Amino acid sequence: MNSGYPPFHWFEVEAVLKQPSSFTKPLMPKPKRKPRDCPWCGQPTRWVWWSSSPKSWESLCGRAGWIRVCEPCRYSSDISEEGFIMS
Ligand SMILES: [Zn+2]
């Protein structure tokens, strides 16, 4: 698999959406403002805490941050938009 750099492949986002909450515990406060609408369909998006795989953190290339997600479109925003954490 290649790097965890954004933008993500949808399967990476989906993996996070399916992870047990212990893996996705946010390390940064959720942005207070409302997420911008999806650029593809114009519907509201939602904030999702994204974190790369536990393996990537072990090898010191982990990344985590808030992204905006539109599930029907499989759209996700860039992790760097809201700032992110690197191991
Ligand atoms: Zn959309």
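Predicted model, so just to flag it, every value in this text is computed and none were measured. (Residues numbered from 1 in each chain as written. Predicted model: local features only at pLDDT ≥ 70, side-chain atom pairs only at ≥ 80, totals over all residues.)

K.L.:
Can you walk me through the overall build of the protein chain in this structure?
P.N.:
Across its full length, the protein chain carries two helices and four strands. Ordered by position in the sequence, the α and β elements of the protein chain form the string α-β-α-β-β-β. Taken over 87 residues, the protein chain has a buried fraction of 21%. Taking the contacts inside the protein chain whose residues are at least 6 apart along the sequence as the reference set, 52% of them involve residues at least 24 apart. (Helix = DSSP H or I, 4+ residues; strand = E, 2+ residues; numbered from the N terminus. Buried ≥ 20, exposed ≤ 12 C-beta atoms within 10 Å, placed from the backbone. Contact = placed C-beta atoms within 7 Å.)

K.L.:
Would you take a moment to explain the environment of Phe84 for this structure?
P.N.:
Assignment of secondary structure puts Phe84 in strand β4 (residues 84–86). Through-space distance from the C-alpha of Phe84 to that of Trp66 is 7.3 Å; in sequence the pair is 18 residues apart. If near-sequence neighbours (up to four positions away) are discounted, Phe84 is found in contact with Arg63, Ala64, Gly65 and Ile79.

K.L.:
Teacher, can you tell me more about the nonpolar core here?
P.N.:
The tendency in soluble globular proteins is for nonpolar side chains to be buried side by side. Judged by nonpolar contacts, Val16, Cys38, Trp50, Ala64, Trp66, Ile67, Val69, Cys70 and Ile79 together constitute the single largest core of nine residues. No other element matches strand β2 (residues 63–70), which puts five residues into this core. The residues contacting Cys70, other than those within four sequence positions of it, are Cys38, Trp40, Cys41, Gln43, Thr45 and Tyr75. (Core = buried A, V, L, I, M, F, W, Y, C linked by C-beta atoms within 7 Å.)

K.L.:
I keep staring at unusual backbone geometry and nothing clicks. Help me out?
P.N.:
With phi around 60°, Leu60 is a residue other than glycine that occupies positive phi space. With respect to the helices and strands, the residue Leu60 is situated in the loop between α2 (54–58) and β2. The residue Arg74 is not glycine, and still its phi comes out positive at about 60°. Inspection of the secondary structure assignment puts Arg74 in the loop between β2 and β3 (75–76). Residue class for Arg74 comes out partly exposed when judged on the 13 C-beta atoms lying within 10 Å of it.

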